[in-house]
Number of protein chains: 6
Amino acid sequence: DFIDALEEVKPLFGVAEEELGKRIRGDIIYYSRYINDILEEGRLAINTVRKSKPILSVLVHGPPGSGKTALAAKMAIDSAFPFIKLISAEDMVGFTEMQKVQQIDKTFRDAYKSALGVIVIDNIELLLDWVPIGPRFSNGVLQALIALLDKQPPKDRRLLILATTSQRTVLEQLNFRCEEEIAVPNVNTQEELAHVLRHSGAFSEEDQQRAIREIQDTTGDTEVGVGIKRILTGLEISTQDQDMPGRFARIMSRAIAARTSFA
Amino acid sequence: DFIDALEEVKPLFGVAEEELGKRIRGDIIYYSRYINDILEEGRLAINTVRKSKPILSVLVHGPPGSGKTALAAKMAIDSAFPFIKLISAEDMVGFTEMQKVQQIDKTFRDAYKSALGVIVIDNIELLLDWVPIGPRFSNGVLQALIALLDKQPPKDRRLLILATTSQRTVLEQLNFRCEEEIAVPNVNTQEELAHVLRHSGAFSEEDQQRAIREIQDTTGDTEVGVGIKRILTGLEISTQDQDMPGRFARIMSRAIAARTSFA
Amino acid sequence: DFIDALEEVKPLFGVAEEELGKRIRGDIIYYSRYINDILEEGRLAINTVRKSKPILSVLVHGPPGSGKTALAAKMAIDSAFPFIKLISAEDMVGFTEMQKVQQIDKTFRDAYKSALGVIVIDNIELLLDWVPIGPRFSNGVLQALIALLDKQPPKDRRLLILATTSQRTVLEQLNFRCEEEIAVPNVNTQEELAHVLRHSGAFSEEDQQRAIREIQDTTGDTEVGVGIKRILTGLEISTQDQDMPGRFARIMSRAIAARTSFA
Amino acid sequence: DFIDALEEVKPLFGVAEEELGKRIRGDIIYYSRYINDILEEGRLAINTVRKSKPILSVLVHGPPGSGKTALAAKMAIDSAFPFIKLISAEDMVGFTEMQKVQQIDKTFRDAYKSALGVIVIDNIELLLDWVPIGPRFSNGVLQALIALLDKQPPKDRRLLILATTSQRTVLEQLNFRCEEEIAVPNVNTQEELAHVLRHSGAFSEEDQQRAIREIQDTTGDTEVGVGIKRILTGLEISTQDQDMPGRFARIMSRAIAARTSFA
Amino acid sequence: DFIDALEEVKPLFGVAEEELGKRIRGDIIYYSRYINDILEEGRLAINTVRKSKPILSVLVHGPPGSGKTALAAKMAIDSAFPFIKLISAEDMVGFTEMQKVQQIDKTFRDAYKSALGVIVIDNIELLLDWVPIGPRFSNGVLQALIALLDKQPPKDRRLLILATTSQRTVLEQLNFRCEEEIAVPNVNTQEELAHVLRHSGAFSEEDQQRAIREIQDTTGDTEVGVGIKRILTGLEISTQDQDMPGRFARIMSRAIAARTSFA
Amino acid sequence: DFIDALEEVKPLFGVAEEELGKRIRGDIIYYSRYINDILEEGRLAINTVRKSKPILSVLVHGPPGSGKTALAAKMAIDSAFPFIKLISAEDMVGFTEMQKVQQIDKTFRDAYKSALGVIVIDNIELLLDWVPIGPRFSNGVLQALIALLDKQPPKDRRLLILATTSQRTVLEQLNFRCEEEIAVPNVNTQEELAHVLRHSGAFSEEDQQRAIREIQDTTGDTEVGVGIKRILTGLEISTQDQDMPGRFARIMSRAIAARTSFA
Ligand SMILES: Nc1ncnc2c1ncn2[C@@H]1O[C@H](COP(=O)(O)OP(=O)(O)OP(=O)(O)O)[C@@H](O)[C@H]1O
Ligand SMILES: Nc1ncnc2c1ncn2[C@@H]1O[C@H](COP(=O)(O)OP(=O)(O)OP(=O)(O)O)[C@@H](O)[C@H]1O
Ligand SMILES: Nc1ncnc2c1ncn2[C@@H]1O[C@H](COP(=O)(O)OP(=O)(O)OP(=O)(O)O)[C@@H](O)[C@H]1O
Ligand SMILES: Nc1ncnc2c1ncn2[C@@H]1O[C@H](COP(=O)(O)OP(=O)(O)OP(=O)(O)O)[C@@H](O)[C@H]1O
Ligand SMILES: Nc1ncnc2c1ncn2[C@@H]1O[C@H](COP(=O)(O)OP(=O)(O)OP(=O)(O)O)[C@@H](O)[C@H]1O
Ligand SMILES: Nc1ncnc2c1ncn2[C@@H]1O[C@H](COP(=O)(O)OP(=O)(O)OP(=O)(O)O)[C@@H](O)[C@H]1O
Ligand SMILES: [Mg+2]
Ligand SMILES: [Mg+2]
Ligand SMILES: [Mg+2]
Ligand SMILES: [Mg+2]
Ligand SMILES: [Mg+2]
Ligand SMILES: [Mg+2]
């Protein structure tokens with residue numbers, strides 16, 4: 001069934017680099033041609049580092065739950081570079097600002113022990129402890145990231161940095177900029193949503209159509225605008241309900257109503 | 001009598017998990033069908049974790065005193081998961097921010113020693129030392145919670161997180177979000193209030209009607225809009241007064257007049 | 001004379017509990033029936049804790065100098081509970097925030113060694129180091145108080161908390177709330193003022209009438225609106241002046257002109 | 001001459017209490033009947049403490065340089081109380097906030113070793129490190145002062161506190177209040193100014209008249225509104241100039257133009 | 001090819017001073033006569049220090065990526081002064097404010113060991129940890145820089161300071177000022193852009209014209225307004241794409257659309 | 001030539017007091033009668049301290065680069081007092097706030113070891129780490145300065161304090177005030193500018209006239225309004241250019257265009 005399918009694909013991610021794999025759950029669903037474009041832009045960045053520019057930073061940005069982390073992880077693993085590492089707030093719970101800076105700095109120094117490396121810096125705003133109220137953030141971590149992305153690698157060392165964020169405008173205001181940017185969209189059309197449902201194998205064709213119809217009836221909207229992550233979570237909860245399509249339609253309708261704008 | 005009844009039901013809560021039981025006083029009164037719906041949504045979340053998604057976070061939100069903590073505790077105890085734990089500001093009086101973060105982090109690590117766990121994080125805004133003036137809050141605790149809720153459990157570990165709050169809008173502004181949400185209402189109608197009074201056994205049918213009539217006369221309103229917790233406290237104080245229904249009506253009228261809006 | 005009278009009644013307060021007595025000077029003057037109502041509400045709170053609810057918090061609020069501390073102390077002493085304790089900023093001069101929190105926490109833990117206790121937390125805003133400019137306050141102390149008032153006592157322990165404040169609105173904005181509230185008024189009418197003067201024994205009936213007349217002439221107002229504390233201080237200074245009623249009228253008129261609104 | 005006169009009167013201040021004397025330079029000039037009234041109000045406060053109220057706080061307030069410190073010192077010395085002490089920012093340069101609080105607290109504890117004491121707390125706003133920009137101030141010192149002024153002395157101990165400030169409105173906003181207040185004015189009329197000049201012995205009657213006339217011509221104003229302190233400094237500088245009255249008129253005119261409002 | 005060309009010229013920079021060379025990549029392209037003017041102004045500053053003024057500070061300012069660091073480095077190296085040193089945030093990742101101040105102070109003291117020195121302080125705003133949100137910055141580092149630039153060197157010591165910034169207005173608001181200023185422009189005209197492309201050797205004349213035409217078509221603008229640094233990065237990425245001119249045009253068009261104003 | 005002339009006059013400053021001399025470069029040019037007035041006011045202050053007032057503080061204020069430090073140093077040296085000392089931010093790079101306070105306090109205590117002393121406190125705003133953004137400043141240093149200026153010297157000790165600032169209004173807002181004030185103007189007229197050029201000996205009469213004419217043509221203004229310090233720096237840079245008068249005119253025109261208002 002659907003859940004088992006998710007479990008199954010896990011090892012796919014973990015092959016090259018266990019570190020990254022542990023944090024990713026499920027496979028990439030090619031629900032839109034944009035997914036191919038995104039991964040193609042990733043390959044271009046990888047080749048630029050491999051063959052020309054010794055350091056390149058790329059910002060993978062998009063709305064919450066749109067799949068940024070999974071896509072950046074896929075790019076990193078597909079590079080087959082000898083050094084692949086994830087920098088993530090999850091691994092620094094309870095660290096002081098100084099400890100975080102040192103940990104990040106160490107990851108860059110480790111990367112420079114290999115000829116070719118890729119570092120995924122996941123969820124920059126979380127790493128910065130950023131909160132819109134105040135606003136507050138760790139300027140120490142911010143400045144360290146800016147300086148490390150700006151710094152030329154040692155001789156014969158090459159490094160790609162993939163940073164993810166759902167707060168691109170905020171990062172710009174904080175003077176955090178990458179050299180390139182890749183945008184990740186939400187699941188936006190009913191066709192894309194249908195593709196995801198079909199891929200899950202959890203719904204009959206009939207149930208899937210009923211669910212989409214009910215969503216449209218409730219929201220009065222044919223546009224979806226919800227991240228793949230929330231859709232998959234909704235699916236998992238719905239499978240526990242006797243009325244699976246009904247529950248899924250309710251969850252999706254609520255998510256659509258709560259859509260947040262992204263810039 | 002009423003008070004003894006409350007004392008009596010206490011052990012009910014404490015059976016599965018003494019930790020939680022100690023903090024809850026009294027039983028769940030089914031004064032409205034919403035109470036059943038809420039507990040049903042809790043069961044769905046429990047099954048999702050048990051059978052499909054290894055980690056799920058649910059926000060139990062509602063006005064002050066509406067019964068969030070008691071309902072979240074009930075859900076947790078009814079899960080019968082081998083690990084059940086409450087994280088509460090009450091147990092961290094005098095802790096530094098760093099000590100709080102470490103305590104919370106430890107609870108999560110403890111949970112991951114069991115195959116199935118549920119953590120109730122009670123009153124998130126209190127845990128964050130949140131005050132509207134400033135506003136001020138502990139960004140350290142906030143970021144730790146966000147990171148811990150986002151983190152995949154170790155292999156073969158499953159965890160449900162039930163967080164309670166009466167400041168849902170604030171939490172949203174602080175970027176604290178759960179994957180699912182359950183709303184807990186106030187006691188809103190005179191029928192619901194009557195149900196609670198009847199259940200208490202403290203009032204004769206006549207006294208109960210007189211009290212409700214007096215409340216309506218004083219406030220000029222048939223809507224109640226007061227949390228179950230304040231109603232039960234009002235009842236306990238009133239039982240000490242010679243004019244029990246009169247005192248209760250006065251206390252309730254003041255509470256109704258001071259109703260705070262909730263979003 | 002008046003001053004000696006004040007000295008004399010002092011031991012009355014100090015009987016049950018020396019701690020409290022040391023901080024109170026003078027007796028309660030029953031200048032209005034509100035004083036009886038206030039003390040009656042105190043008795044109801046005491047009985048609720050004794051017989052029903054194991055923990056209850058009551059906010060004694062009113063304008064500066066209206067007699068809140070004296071009345072809360074009277075309620076505490078009249079409870080005859082085995083544990084009676086005052087928490088006051090005066091005893092924590094030079095403490096760090098952490099030391100204050102630990103001192104307060106210890107007082108609660110001490111209270112829970114007795115079956116029945118009452119804690120008077122005097123002048124919450126002072127305890128919080130609250131200043132309107134900024135505003136500034138100790139969030140550490142605030143959060144500790146909120147958590148301690150919310151916490152269920154250990155089995156078979158019962159505790160009444162009487163908190164005093166002249167900044168009720170501020171406390172509300174700081175999310176500090178008690179379960180019940182008792183309002184303490186100023187000395188508002190000329191009759192009430194006359195009662196106080198008569199009780200002091202310092203004025204002849206004629207002098208007393210002259211003073212009140214002069215106050216009305218100067219302020220153009222028959223309303224008094226000054227706290228009992230300032231009236232008694234004014235009396236003491238006036239007794240040093242050769243023209244006692246004249247000086248008293250001048251002091252009172254200035255106080256009336258400087259009346260601060262209270263909400 | 002004038003300067004020698006100032007030097008001469010110095011010991012007068014220092015007799016009773018060297019501590020205070022060292023900080024005061026020159027004598028009290030009775031240039032207006034208000035000076036007598038102010039000192040009379042001081043005597044009333046002293047007697048109130050001696051005979052009736054065990055603790056009393058008085059705020060001596062007025063524009064910068066109006067003579068507040070000198071007048072408070074005179075009151076303190078004239079009390080002939082066995083304990084007289086000055087608390088002043090000048091003696092705490094380089095102290096941390098905590099050290100200041102402890103120093104102040106110690107002074108109060110020292111005072112309570114004598115049956116009768118007077119503490120002059122000079123220039124409260126300076127003691128608080130208060131700056132209008134921000135605004136900034138030491139909340140620690142502020143709260144310590146508020147608490148110490150509020151605290152009942154030990155049995156058989158009596159204490160008068162004379163606090164000086166030129167920022168009365170600010171102190172009120174900071175919740176710092178004394179039980180009584182004494183206002184100190186500027187030198188406001190030409191007659192008062194003439195009295196001061198005559199008392200100095202530095203000017204011939206003619207020069208004095210010429211100086212006052214020139215001031216009026218330059219400023220177009222008959223009101224003076226300058227503190228006694230600045231007038232005396234102006235006198236001292238002028239005596240070094242060959243054209244003494246001309247220089248004095250220029251200095252005074254500039255001071256009058258720069259008059260700051262006081263509330 | 002282009003990339004190899006860049007690699008080749010590297011040693012040119014590193015000859016005089018390895019420290020500086022390591023941080024610079026590629027050669028100076030004389031795409032406009034302004035480049036000659038800028039370097040001429042640099043020579044004037046060098047001679048002023050060599051022959052007349054013992055200390056001189058010059059601010060090299062311009063939009064992000066306009067080539068400020070490379071040009072300042074070229075000036076420094078061309079001076080052939082015995083002491084040449086770069087102060088850069090990159091070398092102080094994880095330093096406390098105090099450590100940064102000490103490091104900067106040490107560099108100045110080292111400079112004063114040589115008769116003639118030049119210090120490049122790169123990217124002042126980064127060194128100050130400056131962020132527009134707040135705004136926040138290290139006042140400690142700022143004040144140290146201001147004081148060090150203001151200080152006369154020891155006898156017989158001469159020092160030129162070249163500071164770079166893309167935040168001239170901010171620095172002015174922070175009271176950071178140099179004695180002289182040199183402005184560095186973007187690549188602004190199509191002719192200048194063509195010069196850069198031709199110099200790279202990566203494009204055929206035809207491809208170059210096609211790229212510029214496509215940029216104009218997309219943006220509807222003949223002005224370029226992009227820094228040389230972003231143009232060179234765009235070139236490097238484009239060489240990895242099969243459709244090199246098309247990719248370059250897309251990257252440039254995006255950069256032109258995102259042009260930020262500079263003052 | 002001009003530069004040598006500057007070098008030559010240096011020892012003039014350093015005679016009396018090497019400390020001060022080291023920080024001043026060049027001589028005082030009497031380009032306007034205001035320079036004489038300023039130095040005369042300095043002599044008056046010196047005599048007031050010598051003969052009458054034991055402590056006096058004077059604020060030497062004016063636009064940036066107008067010559068405040070040089071003039072205050074001249075006054076100090078001309079006093080021939082046995083103790084002369086400069087307090088300057090330059091000598092406290094890397095000091096903590098507390099260390100600065102202690103250093104300043106020590107200088108005052110040292111001064112009180114001599115019967116007659118003068119302390120130049122240079123650039124108060126720099127000493128306070130003052131930045132308009134925020135604004136931020138060291139309240140510790142500010143309060144120490146205020147207290148030290150207010151404090152009576154020990155018996156038989158006399159002290160003149162000369163403080164310089166280009167931020168008089170800011171200091172007033174910070175409650176920092178001296179007893180007297182001396183204003184230092186810019187070089188304002190073409191005649192004054194000609195005087196300076198002539199004194200430098202660097203220009204022929206013809207070149208000087210051409211330079212001033214070109215300045216007027218470029219700016220369309222006959223007012224100069226630039227500090228003597230920037231004029232002298234402009235002169236030194238211009239002497240390195242082949243077209244000396246042209247370069248000087250360009251530098252001056254830019255300075256005139258960037259004139260900042262001063263209050
Ligand atoms: N086409 C896809 N792109 C990205 N993720 C996909 C896709 N198809 C399926 N997924 C799955 O969807 C989930 C996307 O979650 P992910 O954490 O990557 O999103 P995110 O944008 O990083 O979320 P957040 O904003 O919370 O950081 C993953 O579990 C991933 O396996
Ligand atoms: N249907 C019900 N739902 C919830 N609580 C109930 C219900 N019936 C009775 N109760 C009792 O009401 C009280 C609810 O208090 P609880 O502390 O859970 O409210 P809360 O919403 O968490 O309050 P707060 O906003 O202060 O955290 C408990 O004592 C509980 O035993
Ligand atoms: N009826 C009364 N109620 C209260 N206090 C009274 C009464 N009659 C006399 N008093 C005396 O008046 C004084 C009241 O002062 P108290 O400190 O209690 O006021 P308060 O409201 O707590 O002041 P503050 O706002 O400064 O804390 C006490 O000395 C008390 O003995
Ligand atoms: N009538 C008077 N009242 C007060 N001071 C007088 C009087 N006559 C002369 N003096 C002298 O005037 C000076 C007043 O200065 P003082 O420091 O007391 O003023 P202040 O108001 O405390 O100033 P500041 O606002 O700076 O604290 C003293 O030197 C004092 O000797
Ligand atoms: N005429 C030129 N001027 C400056 N740099 C040039 C020029 N021609 C080629 N370059 C190259 O362009 C790049 C300019 O980057 P540089 O880091 O100096 O820019 P910057 O303005 O300092 O950027 P930032 O604002 O990020 O600090 C360097 O690699 C340099 O070798
Ligand atoms: N008449 C004059 N007055 C002052 N300085 C003069 C005069 N004539 C020549 N100079 C020279 O001009 C320079 C003035 O610089 P100085 O540092 O004193 O100015 P400043 O106002 O203190 O500057 P800043 O605002 O930067 O502190 C000194 O080198 C001094 O030797
Ligand atoms: Mg992510
Ligand atoms: Mg709760
Ligand atoms: Mg009180
Ligand atoms: Mg004073
Ligand atoms: Mg640069
Ligand atoms: Mg200067």
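Everything quoted here is computed from the prediction, not taken from an experiment.

Chemist: Is there a simple way to think about the relation of the copies chain B and chain A in this case?
Modeler: Copy one and copy two of the chain differ by a rotation about a common axis and a shift along it. It takes a turn of 60° to lay chain B on chain A, together with a shift of 0.0 Å along the axis; the resulting RMSD is 0.0 Å. On this basis, the relationship between the two copies can be described by a six-fold rotation axis. Taking C-alpha positions as reference, the residue of chain B nearest the rotation axis is G134(B), located at 8.6 Å. Here only 3% of the interface residues in chain B have copies in chain A that are interface residues too; the copies meet through unlike faces.

Chemist: I would appreciate a short explanation of the interface of chain B and chain A in the present structure.
Modeler: Interface extent is often summarised as the accessible area lost during association of the parts. The interface of chain B with chain A comprises 31 residues on the first partner and 27 residues on the second. Summed over both partners, the interface of chain B with chain A comes to about 2700 Å²; 58% of that surface belongs to carbon and sulfur atoms. Among the residues of chain B in contact with chain A, L44(B), S52(B) and Q143(B) are the three that bury the most area, contributing 19% of the side total. Inspection of the region where chain B meets chain A yields one salt bridge. E180(B) is paired through a salt bridge with R254(A); the nearest N and O atoms lie 3.7 Å apart. There are six residue pairs in polar contact (both at pLDDT 80 or more) connecting chain B and chain A. Of all the secondary-structure elements, those providing two or more residues to the side of chain B that touches chain A are helix 3 (33–51), helix 5 (97–111), helix 7 (139–150) and strand 5 (180–183) of chain B. With eight residues, helix 7 of chain B is the single largest residue contributor to the side of chain B that touches chain A. Residue composition of the side of chain B that touches chain A, by class: 13 nonpolar, eight polar and ten charged.

Chemist: Hey, could you run me through the sheet that holds strand 3 (residues 116–121) of chain E in this one?
Modeler: Pairing between sheet strands relies on hydrogen bonds along the backbone, with the strands arranged either parallel or antiparallel. All names here are of chain E. Strand order in the open sheet formed by five strands is 2-3-4-1-5, and the pairing between neighbours is parallel. With partners counted over all chains shown, the strands left at the sheet margins are strand 2 (83–87) and strand 5 (180–183), one partner each. The average undirected angle you get between the axes of adjacent strands in this sheet is 20°. Of the pairings in the sheet, the one linking strand 3 to strand 4 (residues 158–165) comprises six bridges and is parallel in character. Bridge pairing in strand 4 links I121 to A163. Of the strands in this sheet, strand 1 (55–61), strand 3, strand 4 and strand 5 are in contact with helix 3 (residues 33–51), which crosses strand 4 at around 150°.

The rules behind each value
- Residues numbered from 1 in each chain as written.
- Chains lettered and ligands numbered in written order.
- Predicted model: local features only at pLDDT ≥ 70, side-chain atom pairs only at ≥ 80, totals over all residues.
- Heavy atoms only, no water.
- Least-squares fit on C-alpha atoms with pLDDT ≥ 70 in both.
- Contact = heavy atoms within 4.5 Å.
- Buried area = accessible area lost by both parts, 1.4 Å probe.
- Salt bridge = Lys/Arg side-chain N within 4 Å of Asp/Glu carboxyl O.
- Polar contact = N/O pair within 3.5 Å; in protein donor to acceptor, adjacent residues only side chain to side chain.
- Helix = DSSP H or I, 4+ residues; strand = E, 2+ residues; numbered from the N terminus.
- Nonpolar A, V, L, I, M, F, W, Y, C, P; charged D, E, K, R; others polar.
- Pairing = 2+ DSSP bridges.
- Axes fitted to C-alpha atoms, helices over the stretch in contact; angles between N-to-C directions.

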